[in-house]
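# What the coordinates show
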Amino acid sequence: MITSDIRVDGDRLWRSLGELGDVGAYSDDDTGLRGVRRLALTDADLAGRELVTGWMRAAGLTVTIDRIGNIYARRDGRDNTLAPVMVGSHIDTVATAGRFDGCLGVLGGLEVVHTLNDHGIATERPIEVAVFTEEEGVRFGTDMLGSAVAAGRIDLADARQRTDPDGVSAGAELDRHGLVGEVAVPIRAPFAYLECHIEQGPILAAGDTRIGVVQGVQAITWLELQITGRAAHAGATPHHLRRNAGLAAALITVRLNEMVESGAYGAMLATVGRQVNYPNLINIVPEKSLITVDLRNPDGAAMARAHADLAAYLAEVEQLAGVTITSRTTAETPPVVFAEQMRDLVEKHAANLGMSSAPITSGAGHDAGEIAALCPAGMVFVPGLYDGISHNPREYSTPQACADGIDVLLHAVLELAVA
Ligand code: GLV
Ligand code: MN
Ligand code: MN
Ligand code: MN
């Protein structure tokens, strides 16, 4: 068998994406579509983990879990003293997800193993398929939580005590599900790490490029702002006597948009994704407002400038609206540039397979950005449809695009693990 001729089974991959997508499925009122809601360490996430680890064991893999619940499913190599080639991603989702974000990287990794098994191909190095806990960060407030603990950026004790909006800690949920495993963190460095993912943006969808060769991941800063003013009667309180927390939240939102549009912060993106007023009633000036700020920027220096300028503006808003504002940074990752040899590897195997490719910087955060601290890491992007929309039940990629990405993954893994 000439290994360059082998291809993954796209139908099997597609079926597994469908089956996993049924776990935590919900009916989305907004789009009328079936979406996926499988927040990290909920019962739905546990059901997803059980389905996937069942498939892993059936494929002959040895499944272990680390102290933050990350899963590692190992296919032995000829020399198991060698560091493994790791592939993977996450299966937790946001509350309004499709079925590709993260799942393609995990189920694609499993499809690589199935394909090697089908062809009786042994590798020198072991191969591990990883599933990282709470990549999305929407439950415990910081993204890439599991891979950040695996890579040593976030301390295990700190990660365990992070709480969800109901005050339930990640540690309590890990204990409840029996997900405190035997693998110590930070984990031992893999030989290399590769992750296939849908792009989640419009760039590949706009052209006919089949593979995105991911150059790196842009910086991410998440803030939680608590704005405190004073509740007052909407009909009887003149504006000059108000301390309106809702107005302050609106001013900050508009300023962030102006900062983006000014171009003074490079290619910055800014999103106020969550806003909760208190008491949240029509005829009361809001006493409190909680808002979250998500800043992205491929340029770390421009990110730092934006962060500082926003802090200065918050002080202005305190004066303008008569409120007090406390700001908490809940996530902060610098831009990541992937190792050149991994970018070259992805580009080379796309070309070998006759697929067009283009360099691309990831807009979204990914586990690969964390594991890059341990070993050379890289990513393969495939296009989504409908402007590449994601974090939305409309998220969609075609069976062909998914199989393309996993074929590239297969051949890159074969080279790294040495068939
Ligand atoms: C997670 O998907 C993120 O990039 O926010
Ligand atoms: Mn993802
Ligand atoms: Mn996501
Ligand atoms: Mn992500």
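Keep in mind that what you see is a predicted model, and the values were worked out from it rather than measured.

Right, let's talk about the overall build of the protein chain for a bit. Helix and strand counts for the protein chain stand at 12 helices and 18 strands. Counting only C-alpha atoms and orienting by the principal axes, one finds that the protein chain spans roughly 80 × 45 × 40 Å. Taking contacts inside the protein chain between residues at least 6 apart in sequence as the whole, the part at least 24 apart equals 78%.

Once that is clear, we can look at the domain arrangement of the protein chain. The domain boundaries assigned to the protein chain delineate domain 1 (3–218 + 335–417) and domain 2 (219–333). Relative placement of domain 1 and domain 2: their C-alpha centres are 33 Å apart. Across the contact, 10 residues belong to domain 1 and nine residues belong to domain 2. By residue class, the composition of the side of domain 1 that touches domain 2 is one nonpolar, eight polar and one charged.

In this section: the UniProt feature "domain: Peptidase M20 dimerisation" (unreviewed entry) in the protein chain. UniProt's entry tags residues 220–317 with the feature "domain: Peptidase M20 dimerisation" (unreviewed entry), counted in the numbering of this structure. Taken end to end, residues 220–317 is 37% helix and 31% strand, and its first and last C-alpha atoms sit 24 Å apart.

What follows covers the environment of Gly-98. The topology assignment puts Gly-98 in the loop between strand 5 (85–90) and helix 3 (103–118). Considered as a pair, Gly-98 and Glu-340 are 242 residues apart in the sequence and their alpha carbons are 31 Å apart. Excluding anything up to four places from it in sequence, Gly-98 contacts Gly-35, Val-36, Ser-390, Asn-392, Pro-393, Arg-394, Glu-395 and Tyr-396.

What counts, and where the lines are drawn
- Residues numbered from 1 in each chain as written.
- Chains lettered and ligands numbered in written order.
- Predicted model: local features only at pLDDT ≥ 70, side-chain atom pairs only at ≥ 80, totals over all residues.
- Helix = DSSP H or I, 4+ residues; strand = E, 2+ residues; numbered from the N terminus.
- Contact = placed C-beta atoms within 7 Å.
- Domains from an automatic or database assignment.
- Nonpolar A, V, L, I, M, F, W, Y, C, P; charged D, E, K, R; others polar.
- UniProt positions renumbered as here; feature names shortened; annotations may be inferred.

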